[in-house]
Every structure is written in C-alpha cells, then in structure tokens.
Amino acid sequence: MSTHCQSSRTIISLFLVFSSYGFIAAAFMTPSSRCTVQESIWPTSAFVKNHEEGLTASNLNVPLARPATVHLNATLLFPSCNDLLLLRPGDFVESKVLKVESNGMAQSRFRIKLYPRGFISDSHSTSTCHNKKKNTDGFGMSYRILPLFAKQVEERAGIFLQYLPDSTNDSVDATFCLRLKGNQIDGPKFDIEWRSGMRFVSLEHSKLAEGRANDFGAHLLQTKLLQTFAGGSDGNAPLQLQMGITVHECPPNKTSDAVREQSKSSPIDWLNFDDIRMIKDPAAANQHNRDVHVGRIVVPILQKLSQRQKMFQQGAYPGVEYRIMRISDPQTDADLFQSRPGANYELKPIYPLVQELERQWPIQINERDIPKLYTPAMYNAVSAIGSLFTAVTGLVAAFVISQAVSLFVIPSLSMDPTLQVGDVLLVDKITPRILPQYNHRPDSVVLFHPPAKLQEIIAQSAGRSLSDRDLFVKRVAAESGDVLTVTKSGSVSVNGKDVTKDRRDLCVAEPLRLIERYIEPHDGVNPLIVPPNQVVVLGDCASVSIDSRVWGTLPFSDIVGRPILRLWPLSRFGAVPDLPTTMEWEH
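## Considering empty space enclosed by the protein
Scanning all chains against the criterion turns up 2 cavities of 30 Å³ or more. Residue lining of the largest cavity: 11 residues in total, with T175, F176, R195, S196 and D335 positioned closest to the centre. Within the residue set of the lining of the largest cavity, elements represented by two or more residues are strand 10 (171–180), strand 11 (192–201), strand 14 (238–247) and strand 16 (322–328). Each residue belonging to the lining of the largest cavity can be placed in one class, and the counts come to 4 nonpolar, 4 polar and 3 charged. Estimated volume of the second largest cavity: approximately 30 Å³.

## Some thoughts on the nonpolar core
Core analysis: the biggest nonpolar cluster contains 43 residues, and F110, I112, L180, F200, M243 and I245 have the highest contact counts within it. Judged by nonpolar contacts, the second largest core, of 27 residues, contains A478, V535, W551 and I559.

## A closer look at the packing of aromatic side chains
Per the counting criterion, the structure on display carries 15 aromatic pairs. For the ring pair Y317 and W361, a centre distance of 6.4 Å and an interplane angle of 80° mean the geometry is edge-to-face. A residue pair is termed long-range when its members are at least 10 positions apart, and Y317 in the loop between helix 5 (308–314) and strand 16 and W361 in the loop between strand 18 (344–349) and strand 19 (363–366) qualify at 44 residues. Of the two residues, Y317 and W361, both sit in the buried class. When the ring of F448 is compared with that of W551, the centres are 5.9 Å apart and the planes differ by 50°; the resulting orientation is tilted. Of this pair, F448 sits in strand 23 (residues 445–448) while W551 sits in helix 10 (residues 548–551), placing them 103 residues apart in sequence. Overall, the relative accessible area of 0% leaves F448 in the buried class. In this structure an aromatic cluster arises from ring pairing among F110, Y163, F176, W194, F200 and F216.

## Thoughts on the sheet that holds strand 26 (residues 492–494)
Taken in spatial order, the 4 strands line up as 27-26-25-28 in an open sheet, and their pairing is antiparallel. This sheet does not close on itself; its edge strands, each paired only once, are strand 27 (497–498) and strand 28 (528–529). For strand 26 and strand 27, the ladder comprises 2 bridges, and the chain directions are antiparallel. The partner of V494 across the bridge, within strand 27, is K497.

## Here's the deal with the pattern of salt bridges
In the structure shown here, the tally under the stated rule is 25 salt bridges. A salt bridge links E94 to R111, with the nearest nitrogen and oxygen atoms 3.8 Å apart. Separated by 17 residues along the polypeptide, E94 in strand 5 (residues 91–94) and R111 in strand 7 (residues 105–115) bring together distant segments of the chain. One salt bridge in this structure joins R195 and D335, with 3.3 Å as the shortest N-O distance. Placement of the pair is R195 in strand 11 and D335 in strand 17 (residues 335–336), with a sequence separation of 140 residues. Several salt bridges converge on common partners, so that one network encompasses R195, R326, D333, D335 and E346.

Definitions and cut-offs
- Residues numbered from 1 in each chain as written.
- Predicted model: local features only at pLDDT ≥ 70, side-chain atom pairs only at ≥ 80, totals over all residues.
- Heavy atoms only, no water.
- 1 Å grid on protein atoms, 1.4 Å probe; cavity = no way out; pocket = protein on both sides within 12 Å on 5 of 7 lines; lining within 4 Å.
- Points joined across faces, edges and corners; volume = space filled by probe spheres on them.
- Helix = DSSP H or I, 4+ residues; strand = E, 2+ residues; numbered from the N terminus.
- Nonpolar A, V, L, I, M, F, W, Y, C, P; charged D, E, K, R; others polar.
- Core = buried A, V, L, I, M, F, W, Y, C linked by side-chain atoms within 4.5 Å.
- Buried < 20%, exposed > 50% of the residue type's maximum accessible area, 1.4 Å probe, protein only.
- Phe/Tyr/Trp six-rings, centres within 6.5 Å; stacked < 30°, edge-to-face > 60°.
- Pairing = 2+ DSSP bridges.
- Salt bridge = Lys/Arg side-chain N within 4 Å of Asp/Glu carboxyl O.

And the structure:
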C-alpha cells in the first residue's frame, strides 16, 4: 500500500487536476444544493468498516501515538462508481459518525462526505433537497465559482472531513489523511492521497483564513475519470476510501479557549507587524505561537533582498498566500499540528499562480528558511500602508516640485522675437523668493502675478477676471531708485538712456498702435522714480506689450519665477537669450 501512495504522486499529475480547497472569496460564491441521498442508494449499514490490515499509523506515515494524541484509522466503502454516477450534481453521500476517543481526552466526532459530481448552485440542480436556504450545518466547502463567462464548470469528485461538535464552543486540533483506492484494469495502478489538517470548530467559529473550519477537504479528481480510476471491470465494485485521523495534543477544552481568544482578538491586531511565529515571552524562546498551525493561511515575507533567490528556488514566493497543509518533525517526519522551531512546512498557494511560478504542490520548506511570516490581514495592511505612503510621498513630491519648478507656455506676442507664441519654458520658482535682489536685475526675464491695475485693465478690455494661476512674462527694465521718462509714443528712457530704440522694436509692429491709448506718459518734469522693492518691466515687443508703461511699477512680492530653459520647440532649445539689438538681430 505504501508503494501505491508513493507512485500516486507521480502518476496523478498525468491524469488528474486538483483544486486547492474549493474556497473562494464570498463575493464570487453561491451556496450549492445541499441534498441527501435516498436510503435505497446508500446502504449505510455497510458503509463504515473497521480495517485491521489496510490502514495503519505506519503505512499512512502517521506518527505513533504520543501522550494525549489519539488516532482513528478506517476503511470506508462507498457505493459503486455506477451508482455514484447516477447522482446529480450537488448530491452527496455521507458516512456514519466516526468517533475518536481515548482515556483522558474528550470524544471527538467526525464524518466523511463524498460529492461524486461536485457542487453546483440551486439553479443548476434538480435534486429534491431538504433545505434550499443558506447552509446551516457547517459544510463550509460547498461553494463554487460563479460562471461569470457562462463557461460550464467541470465536475469534480470531492471528499471532505466534517467535525460534529456537541456545542458551539467545542473544537479539536486534527490532522488527517484521505486516500482513494484505485481499482484500475489497464495502465498504471495508483491511489490518490490527500493530507492536511485543521483546527475543527463549530460553524459559528469557522474562519478558514485563520485555520478554523467546521469541515475541510478537496476535489480529488475529475468526475469523468472516476469510472476509470476505481470502477473495476464492470463499475460495480465499491469505491474504497482509507482514512486516518490524528487528534493532537491540545485537549478540546484548551483548544476552545484558544478559539475564543482568537475570535475576540483586538481589531487592531493586524497592525502588529511582528513575525506571527514569535512569542514575546522570553521563557518561550523555543516555542512558536500556537495560532501558527496546520490549515492556517500565511504569507512569507522577505527581510533582505538577498533572501529572494533562495525563497524562489524553494517555491515560497514572498507575498503569496499559502495554506499550511502539513507540519512535520524534520528528523522523524512525524505529523505536528502547531509550528515549532525547525519544523518542516508543506505549503500550497490558495489561488492559481502565473505559469512561470507553478510547480508540484505542496512544496516542503523548513520554517527557518522563511525569514518572516505574516497573516494575509497583516500583509494587506503592510501593502495598504506602503501604497498610502507611496501615494502621499508622490503627492508631496509633486507639490514640492510644483513649488520649485513649473512649465509656462508663451501666450502672446509681447516678448517677440525673444520668446515666441507657443514656446514652453521651464520656470524656477525658488530663487526669486530667496534671492529677489539677484533675480530682479535689469534685463532679467521674470514671471509675475498681475498687479491690481493690470487686472482692472484685463477685466475691462477682455471682460473676464484673472485667476491666481494666470502669470505674465516681461523683462526687467529698471530697478529701485531708477528714474524713468515715458513718451506718448511708448519710448522709455532709464536714467536718460533710451531702452526701447533699436532693442524693443524688432517685432512686427501693430499697425493701429492701440497700445498708445493706454500709455501714461512721464516727462522730465514729472519722471517716474521706481520705489524700493519694486521694478519696471517691459515687453520685448513694445508695440503690443501692456507693461509698466500702462499700469506702473511691479512689486517684488508679485514676482514668482524666472525661466531657466526653453524646452520647446526643440530647434530653439536652451537658455532664454538676452534682449538683442537691431544689429545683433539682423546678424
């Protein structure tokens, strides 16, 4: 029999497709039909049979009895494949109650349920059911994925071990082995074995993510292969299931206390990012947290990037959710229920992975090779906090950058020919604030918020108000203390020197010279003296530019930036040039 078990691990992959646990997020589930089989189909008196030779602790690789650890081994006879295939999807057959009892331990009761054709929703079943409403007897695995794309769900035979508590607070820690005996006529001879464990509890305390369930099992093979696998020559041979249940050291009353403590845990426990195996008590240095046990879903975590390659080689991919299928002693291979330092884990992902990461599951890994272990809630919390931190950091960085630099598109001809319509400038917004005297010198190009008088002119002429995001670009012509004269034609002299002739007349002149209607002249008798902390700005195209000749001086406080580079068009990429003379421009 042990030879069959070994060969099955190789042969099964050629014939069968296993499912993980029949468990999927509740948002995509619907309860299946819960139908019992008529007595004429299932002769329960012949179902359970004690087997003295076939299933023993040794050939099931189950450790021999230890103190406060008990076992139940049995061979169960199901109806023939011919009879099982007459059942409809959603129907099941079940065993009598299986009792695990020993001196010093409370009795634990289980039963086996077999779904020959798997689970379907009520809408797909024509069986006569005792109860069409939501399941209340705790068969938590009876769910299926909704056919979101109208694809026919493949039928699979499922076998599950169900715990029958006497009260809602009863629980028991158990590992088990389910082995379907093959009865092939042709081809290789093999059995199908599935091993796992669970902290079995009542339905009220079930929470699969934390390794607590009222029942647990798997879909072992496709229904269409059942006849070939175990039907024998004519399909009338009974289907045999060998099973072994091991109830572990923790007595039910202590397990119940642990379940109640776990169920009442603080809602902020998931904010604790310590390794879930660790116990803070120094006296328990050689122990692991008792909540890390077979059936629990865990997430391996890296502590150093250098650990990634080894974990990938062993199949314990960081960030993937695994169920602990088995925990064993590395020296004796004896089954353990709770984790302990140096124990071996058998892990299997709870969802399909990309093809590149798939391998023969479950994988075996020593717990010391896993740097850190989280629960899914802890990992999701870390991921959420990391995502939130990244988002906040990005927003802060974007805000800081926006306060430091920005892009500005030239909208008009007022700076032509130096800056033309459509040019894109990279603007420095830091140095004008911290070094105003340096950046407000004559011939510097500046960007500024429009002063009040300019806003009034825009509102009257364009019929719209300006926002805080609207900026203007001009070139500084005079600084504090300079004396200006402005003629009606728009010529400007600074300290007796004309700054417009041969410099600000290089653009195409506006033929009607409408700008002259708005210019406020200042002659030598009534010159304009630039006040402290203010400048005079002019456009490089004097014939169209509305600038200080119209609305006066510009305070330092309104200046918000200076162009660093012209980014577009690429043909003129580079620093913003100085105002050219007529000779320079013609050249």
